[in-house]
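If you want the building blocks of each chain, they are given just below.
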Amino acid sequence: VPVMYATHPMIQDGEITGAVTSFVDVSVQRAAAQAREVALAAAENLARVRREFLANMSHEIRTPLNGVLGFADIGARHYQNSERALDAFTKIQTSGQRLLGVINDVLDFSKLDAGKLDIERTEVALEMVVDNTLELGRDRAAAKGLALQVELAPDLPRVCISDPLRMGQVLLNVLSNAVKFTEAGSVTLSLFRRDGMLVFRVVDTGIGMDAAQLQLLFNPFQQADASATRKFGGSGLGLAISKRILELMGGDIRIDSQPSVGTRVEFCLPCVTAQPAPSAAVAVEESIAPGSKPLAGLSILAVDDESINRLILEEMLTDCGARVVMVDSGRAAVDRVAGDGPGTYDVVLMDIQMPEMDGYEAARRILERAPQLPVIAQTAHAFREELARCLAVGMVGHVTKPVDAETLVRAIRAHLSGVVRERTG
């Protein structure tokens, strides 16, 4: 028992004949002091982790942004040299996708932290998920001379019930890490069933990790190497996000690794089989052929208050064959529909966050005049509640910025399939 004590001499006839010692139990005070020390250490560690995270995030955002701005400048200066201009544009796309990946990681983590990441339960074609993921990682593996191998068990179900987006997200994160941290050798993806679970196993011959590094892998905002001189990039959120997604889906993840030998990652998900429909197991997205005019004959009213966004949107849509009318505000869109007539346009692409009249109000007013006119939101807000709010005011779809041309075309065609067939057939 921790105590404080005090000793007082007993004096008789000028001599010390004994002593009185009193003890006070200070267990509560000692526990409070220890708790303060633990809390202080935790706060100091959190502050350090946050400093490292902010430094790394600054690096991860500024590096691809430097690529976007730098190669845009190169392209502008060498626009007459088609080869150099094409190379600059290709690198701008690569840098932009990397920047978008960092932003998506932060958004996903914030959704998980707020308990607002929804998991879908729908039919998933396993081979399609694997093929799509490999397609995204194949070029990087080839550039490093790595052998990217796939082993699919013969008893795998063709279709299962899960969330294809989140399944692919976790698989891409694990596979991308394997390619990133492997300088020579191979990366092997295996998919099989075990004890009622789908098991995804990714084995690489990369740099590996020691026990101390393994303990940090699933901590958000931390990386095995968070120093300023680290060789490999990344937000430090990928595996933390993957683990929490898997837990929400009823799965788990484990990692074994040895320095200079390699790493083996296994994650599993419940294997809930589904019977494929007679016509097709899973609906396959319509492919858009390069150089085609999938929106030929359509008249589109596009709304955005940012001039650069209007230029990009107009270029995308006209390249796909559409006739486009651009306006810069929600009020202008309402006035245009009122002035030109509800039958003038086949679809409205509506920005959401705008001054004076936002996209919700503009869509509501347009649909009062033309209830059959499809309105599709195109917005920088990527949360599910944003989609729900768009649908609540009568919009039929939702496309997030930065807008991908094929995604936009598919969204338009999905709500205008009859009109598209009539005007392009």
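For clarity, every value in this text was computed on a predicted model and none was experimentally measured. By convention here, each chain's residues receive numbers from 1 onward along its written sequence. Only residues with pLDDT of 70 or above have their local features reported here, since the model is predicted, and side-chain atom pairs are shown and tallied only from 80 upward, although totals for entire chains, interfaces and linings are computed over all residues. Remark: hydrogens and water are excluded; side-chain values derive from all non-hydrogen atoms of the structure.

### Quick notes on the nonpolar core
Argument step 1. Here the nonpolar core consists of buried residues drawn from Ala, Val, Leu, Ile, Met, Phe, Trp, Tyr and Cys, with membership extended through side-chain atoms lying within 4.5 Å. Each residue is placed in one exposure class: buried if its accessible area under a 1.4 Å probe, protein chains only, is under 20% of its type's maximum, exposed if it is over 50%, and partly exposed if it falls in between. Core analysis: the largest hydrophobic core is formed by 43 residues, its most contacted members being Met-167, Phe-200 and Phe-267.
Argument step 2. Elements supplying a minimum of two residues to this core: α2 (82–113), α3 (126–143), α4 (164–180), β6 (186–194), β7 (197–204), α6 (238–248), β8 (252–258) and β9 (262–270).
Argument step 3. Runs of H or I in DSSP of at least four residues are treated as helices and runs of E of at least two as strands, each being numbered from the N terminus. Top contributing element to this core by residue count: α4, with 7 residues.
Argument step 4. Those residues in contact with Phe-267, other than ones at most four positions away along the chain, are Val-170, Leu-171, Val-174, Leu-198, Val-199, Phe-200, Leu-246, Asp-252 and Ile-253.
Argument step 5. Val-325, Met-350, Met-354 and Tyr-360 belong to the second-largest nonpolar core, a separate cluster that totals 24 residues. Residue contacts are counted whenever heavy atoms from the two residues lie within 4.5 Å of one another.

### Details of the pattern of salt bridges
Argument step 1. Should a side-chain nitrogen of Lys or Arg be within 4 Å of a carboxyl oxygen of Asp or Glu, the pair is scored as a salt bridge. Tallied over the full model, the rule gives 18 salt bridges.
Argument step 2. A salt bridge links Asp-73 to Arg-77, with the nearest nitrogen and oxygen atoms 2.9 Å apart. Here the residue Asp-73 and the residue Arg-77 both occupy positions in helix α1 (residues 27–77), the gap between them amounting to 4 residues, near one helical turn.
Argument step 3. Of the charged contacts in the structure, one is a salt bridge between Arg-365 and Glu-361, with a shortest N-O distance of 2.8 Å. Placement of both Arg-365 and Glu-361 in helix α9 (residues 359–369) is noted, with a separation of 4 residues, approximately one turn of the helix.

### So, the sheet that holds β7
Argument step 1. On the basis of which strands lie adjacent, the open sheet formed by 5 strands has the order β4-β6-β7-β9-β8 and mixed pairing. The open sheet terminates on both sides in strands that have one partner only, identified here as β4 (147–152) and β8. Mean inter-strand twist for the sheet, computed between neighbouring axes without regard to direction, equals 15°.
Argument step 2. Bridge count between β8 and β9: 7 bridges; the pairing is antiparallel. Across the sheet, the residue bridging to Arg-254 is Glu-266, located in β9.
Argument step 3. Its contacts with the sheet put α3 on β4, β6 and β7, and the angle it makes with β4 is roughly 170°. Between any two strands, pairing holds if DSSP finds at least two bridges. Working convention: axes come from line fits to C-alpha atoms, limited for helices to the stretch in contact. Angles between N-to-C directions cover 0 to 180 degrees.

### Let's talk about the packing of aromatic side chains
Argument step 1. Aromatic pairs are defined between Phe, Tyr and Trp rings, using the six-membered ring for Trp, whenever the two ring centres lie within 6.5 Å; interplanar angles under 30 degrees are classed as stacked, those over 60 as edge-to-face, and all others as tilted. Here the structure, examined in full by the defined rule, presents 2 aromatic pairs.
Argument step 2. Centre to centre, the rings of Tyr-5 and Phe-23 are 6.0 Å apart; their planes meet at 40°, and the pair counts as tilted. With Tyr-5 in strand β1 (residues 3–12) and Phe-23 in strand β2 (residues 15–25), the pair connects residues that are 18 residues apart, well separated along the chain.
Argument step 3. Overall, Tyr-5 belongs to the exposed group, its relative accessible area being 59%.
Argument step 4. By relative accessible area, Phe-23 is classed as exposed at 58%.
Argument step 5. Note on Phe-200 and Phe-267: the rings are 4.7 Å apart at their centroids and 5° apart in plane angle, and the pair reads as stacked. Of this pair, Phe-200 sits in strand β7 while Phe-267 sits in strand β9, and the two are 67 residues apart along the sequence.
Argument step 6. The ring of Phe-218 is capped by Lys-243, whose NZ or CZ atom sits 5.2 Å from the centre of that ring.
Argument step 7. Across from the ring centre of Tyr-360, 3.9 Å away, lies the NZ or CZ of Arg-389, which sits over that ring. Look at NZ for Lys and CZ for Arg. If either is within 6 Å of the ring centre and within 35 degrees of the ring normal, a charge sits over the ring.

Any functional reading would require information beyond the geometric quantities listed.
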